[in-house]
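Structural characterization, general
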Amino acid sequence: MLKKIIINILKMGLAFGLIYWLVQSGKLDFSLLSELIKTPSVIIISLVLMHVLLILVTFRLRIFLHQKVTNPLSFFKIHLSNWIGLFFNSVLPGSVSGDLIKIFYIQKLDEKLTKKYLLISVFIDRLVGLIGLILLGGVVSAINYNNLINLSTDVSNLTHANIILSIIILFFLSILFVMPSLPLKFANFIKDVISINLLHKIIMKCEELWNDLILFKTKLIGQVLISMLIQATAILVFWYIAEPFSKGEFTLTTAFSVMPIGFICIAIPIAPAGLGVGHVVFEKLLGFFQITNGASLFNLYFFVLIISNLSGVIPYLLHSTKPQKIESK
């Protein structure tokens, strides 16, 4: 317990240390927040779009959950659980703490939904979201390839990174559908050749995950397409909030080229909603496109995102049951 507290303190210290460094170096301008607040219509529209995103995420997760149960689950109750989970993701260090709270509520909807199954479902749901994000970045980079690689070496490297990651994902999906047993045979070969207990444990975990993906693969393509729609909407929200305040030309092509890598970075469980890390990452990435206030632009998005996530306290307070201990069945 003490170790976990110390790690969380260090994470938050890193996040706020990054914020302090950006402010001191003049790269983070909080005055833009007051300018954003003067345009409440932008904030309201962005909050509505973010809730639409949450509805789509609920729809995606519900499809996974329905593979385990016989009777249809309440979309509304899953949606409230997702919403509450976002609230805890924003008030607790890291970006996965809210998933355990979400599981607590969803588990009560049907006795067939065991903790283990829900953990797998939520993890694969997040994995599918990441796959959709990577593929979206790859598609946009491929379509605008000639224009992007001629902008600068940094943009060219970013473009190639998006495309290479997409190729890796497509290869992974093709193996899953065409030769699902191949990775398992390779894993067994590695275990036979190398006798290292730690490596064996890692391989066994990977085998479990692969077998879980095989079970879900019939729904996977549709889920990936939904994820690409979700990520595209999230990128549009970022662009809609930030574009009027950009110091440099912030086009949609730029947004779709930068956001996938940026969103992947802020998903690292260091601080709520990418605090600190996101500011530094987008300062660097948007700088590739001659946009000089990337940290300040992310700060605007972060502000609206936190408001959206904190609104999850409403269903939490209204819910009759409060999570105290998540018991496995």
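As the structure is a prediction and not an experimental result, all values here were calculated from the model.

You can see Ser 257 is positioned in helix H11 (residues 252–266). Accessibility expressed as a relative area gives 2% for Ser 257, which makes it buried. From its side chain, Ser 257 meets the backbone oxygen of Thr 253 in a polar contact 2.7 Å long. Discounting residues that sit within four places of it in the chain, Ser 257 has contacts with Val 140, Leu 148, Leu 158, Asn 162 and Phe 289.

On to the packing of helix H9 (residues 182–193) against helix H10 (residues 197–242), then. The contact between H9 and H10 brings their axes to 10 Å, and the two run at 170°. Regarding the angle of H9 to H10, the classification is roughly antiparallel. Along its contact with H9, which presents Pro 183, Leu 184, Ala 187, Asn 188, Ile 190 and Lys 191, the element H10 presents Leu 199, His 200, Ile 203, Met 204, Glu 207, Trp 210 and Asn 211. Here the contact of H9 with H10 is built from residues that sort into eight nonpolar, three polar and two charged.

This structure, assessed with the given rule, holds five salt bridges. Here Glu 35 and Lys 38 are joined by a salt bridge, their closest N and O atoms 3.6 Å apart. Measuring nitrogen to oxygen at the nearest pair gives 2.7 Å for the salt bridge that ties Arg 126 to Asp 99. Of this pair, Arg 126 sits in helix H6 (residues 115–143) while Asp 99 sits in helix H5 (residues 97–107); the two residues are 27 residues apart in sequence, bridging distant segments of the chain. Here the residues in one salt-bridge network are Asp 99, Lys 102 and Arg 126, joined through shared partners.

Here we take up the side chain of Ser 121. Positionally, Ser 121 belongs in helix H6. Apart from residues no more than four positions distant in its own chain, Ser 121 is found in contact with Leu 61, Phe 64, Leu 65 and Phe 216.

With that out of the way, let us pick up unusual backbone geometry. Phi is positive for Gln 290, close to 65°, though the residue is something other than glycine. Structurally, Gln 290 can be placed in the loop between helix H12 (277–287) and helix H13 (294–310). Residue class for Gln 290 comes out exposed when judged on its relative accessible area of 60%.

Reading the values: rules and limits
Residues numbered from 1 in each chain as written. Predicted model: local features only at pLDDT ≥ 70, side-chain atom pairs only at ≥ 80, totals over all residues. Heavy atoms only, no water. Helix = DSSP H or I, 4+ residues; strand = E, 2+ residues; numbered from the N terminus. Buried < 20%, exposed > 50% of the residue type's maximum accessible area, 1.4 Å probe, protein only. Polar contact = N/O pair within 3.5 Å; in protein donor to acceptor, adjacent residues only side chain to side chain. Contact = heavy atoms within 4.5 Å. Axes fitted to C-alpha atoms, helices over the stretch in contact; angles between N-to-C directions. Parallel < 35°, antiparallel > 145°, perpendicular 65-115°, else oblique. Nonpolar A, V, L, I, M, F, W, Y, C, P; charged D, E, K, R; others polar. Salt bridge = Lys/Arg side-chain N within 4 Å of Asp/Glu carboxyl O.

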